[in-house]
Amino acid sequence: FYTPRAVVRLMVKMVDPRLGESVLDPACGTGGFLVETFEHIRQQCDTVEKLAQLQRGTIFGIEAKPLPYLLCQMNLLLHGMEYPHVNYGNSLAVRLSEIGDRDRVDIIMTNPPFGGEEEKGIQGNFPDDRKTSETALLFLQLLMRKLRRSPTPGRAAVVVPNGTLFGDGVCARIKEELLTEFNLHTIVRLPNGVFSPYTSIPTNLLFFDRSGPTKDIWYFELPLPEGRKQYTKTMPL
């Protein structure tokens, strides 16, 4: 399912990608995050050389389903990106331990699939104590692994279902690593129906970076407009 443009724009604005940074969406769908990132960085390009840098070495995406993959390519082309770096495949198909420094990026923004289940072969790419069929938890581990380390620590913004914040077992171990190895500085709770009609699951936005362990977390809650019980397909966010 697809991320409302208002949510995408908020995440891009808060992360504030700059020219010269590498930006990845490992589950890019039709390219909403990539297009907004392209438009955001294009405002910073005042020379031909900077535009060329943006075109060729800044924005990267991966998508596992054929139709969204094609739509993503078209979406980027129509917005003026001449060389879309979008790969067709499952981001989770790479063994986590094989991701090294050269595979890491400065920024990751994504709304990974959740509620689905990954097959045993994909789960085998993750540590024994972190294996799970829940797609969102696998993607969260991938994000943490692919963020650049110091001297320029990477930063990320990700949409997660409510269960990610409150789950135990494997989920708790992943959260412990997130809090001790990363700076989870902001959580934004979204109201019901933001992802209508795809799902009614409550969702949250996590903003974190690799600058050190978490010390303080800012919590924000987006309230529903007065008199509204939830957002719907015809009355979106």
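What you see is a predicted model, and the numbers here were worked out from it, not measured in a lab.

A.B. asks: Which residues make up the nonpolar core, and what are the values?
C.D. replies: Counting residues in hydrophobic clusters, the biggest one holds 21 residues, and the most contacted among them are Ile108, Met144, Val158, Leu178, Leu206 and Phe208. Elements that contribute at least two residues to this core include exactly helix H6 (135-146), strand S5 (155-161), helix H8 (170-181), strand S6 (183-189) and strand S7 (203-209). The residues touching Val158, leaving out its near neighbours within four places in the chain, are Met11, Thr110, Pro112, Leu140, Leu143, Asn204, Leu205, Leu206 and Phe208. Ala136, Val159, Val188 and Tyr231 belong to the second largest nonpolar core, which has 20 residues in total.

A.B. asks: Help me get a handle on a nonpolar patch on the surface, residues and values and all.
C.D. replies: The grouping of Leu67, Leu71, Met74 and Leu78 at the surface amounts to a nonpolar patch, some 410 Å² of accessible area in total. Mapping Met74 onto the fold places it in helix H4 (residues 66-78). On the accessibility criterion, Met74 (44% relative accessible area) is partly exposed.

A.B. asks: Report on the sheet that holds strand S4 (residues 107-110), specifying residues and quantitative values.
C.D. replies: Across the sheet, eight strands lie side by side as S3-S2-S1-S4-S5-S7-S6-S8; this open sheet has mixed pairing. With partners counted over all chains shown, the strands left at the sheet margins are strand S3 (85-88) and strand S8 (218-221), one partner each. Between one strand axis and the next, the sheet turns through 20° on average, direction left out of account. Direction of pairing for strand S2 (residues 59-63) relative to S3: parallel, over a ladder of four bridges. Its bridge partner being in S3, Glu63 is matched across the sheet by Tyr88.

A.B. asks: Just give me the short version of the environment of Arg210, but keep the residues and values in it.
C.D. replies: For Arg210, the position within the fold is in the loop between S7 and S8. Taking the C-alpha atoms as reference, Arg210 lies 13 Å from Thr186; in sequence the two are 24 residues apart. When sequence neighbours within four positions are dropped, the list of residues in contact with Arg210 reads Arg104, Met144, Arg145, Leu147, Arg148, Arg149, Pro153, Gly154, Glu181 and Phe182. Within the structure, the side chain of Arg210 is placed 3.1 Å from the backbone oxygen of Met144, a separation counted as a polar contact.

A.B. asks: How would you summarise H4 if you had to cite specific residues and measurements?
C.D. replies: Helix length check: H4, at 13 residues, gives a terminal C-alpha distance of 19 Å against a target of 18 Å (1.5 Å per residue), a fit within 8%. Along H4, the positions that sit buried rather than exposed are Pro68, Tyr69, Cys72, Gln73, Asn75 and Leu76. Along the axis of H4, the buried positions cluster into a sector of 165°, meaning they face one direction only. Exposed side of H4, more than 90 degrees from the buried face: Leu67, Leu70 and Leu78 are the residues found there. Residues of H4 that are buried make contact with helix H2 (32-42), S2 and S3. Once H4 ends, the next one or two residues include Gly80, with phi positive near 105°.

Calculation rules
- Residues numbered from 1 in each chain as written.
- Predicted model: local features only at pLDDT ≥ 70, side-chain atom pairs only at ≥ 80, totals over all residues.
- Heavy atoms only, no water.
- Core = buried A, V, L, I, M, F, W, Y, C linked by side-chain atoms within 4.5 Å.
- Buried < 20%, exposed > 50% of the residue type's maximum accessible area, 1.4 Å probe, protein only.
- Helix = DSSP H or I, 4+ residues; strand = E, 2+ residues; numbered from the N terminus.
- Contact = heavy atoms within 4.5 Å.
- Patch = residues over 30% accessible without salt bridge, like charges linked within 9 Å, V, L, I, M, F, W, Y side chains within 5 Å.
- Areas by Shrake-Rupley, 256 points an atom, 1.4 Å probe, with all protein chains shown as cover.
- Salt bridge = Lys/Arg side-chain N within 4 Å of Asp/Glu carboxyl O.
- Pairing = 2+ DSSP bridges.
- Axes fitted to C-alpha atoms, helices over the stretch in contact; angles between N-to-C directions.
- Polar contact = N/O pair within 3.5 Å; in protein donor to acceptor, adjacent residues only side chain to side chain.
- Expected span 1.5 Å × (residues − 1).
- Arc of directions from axis to C-beta.

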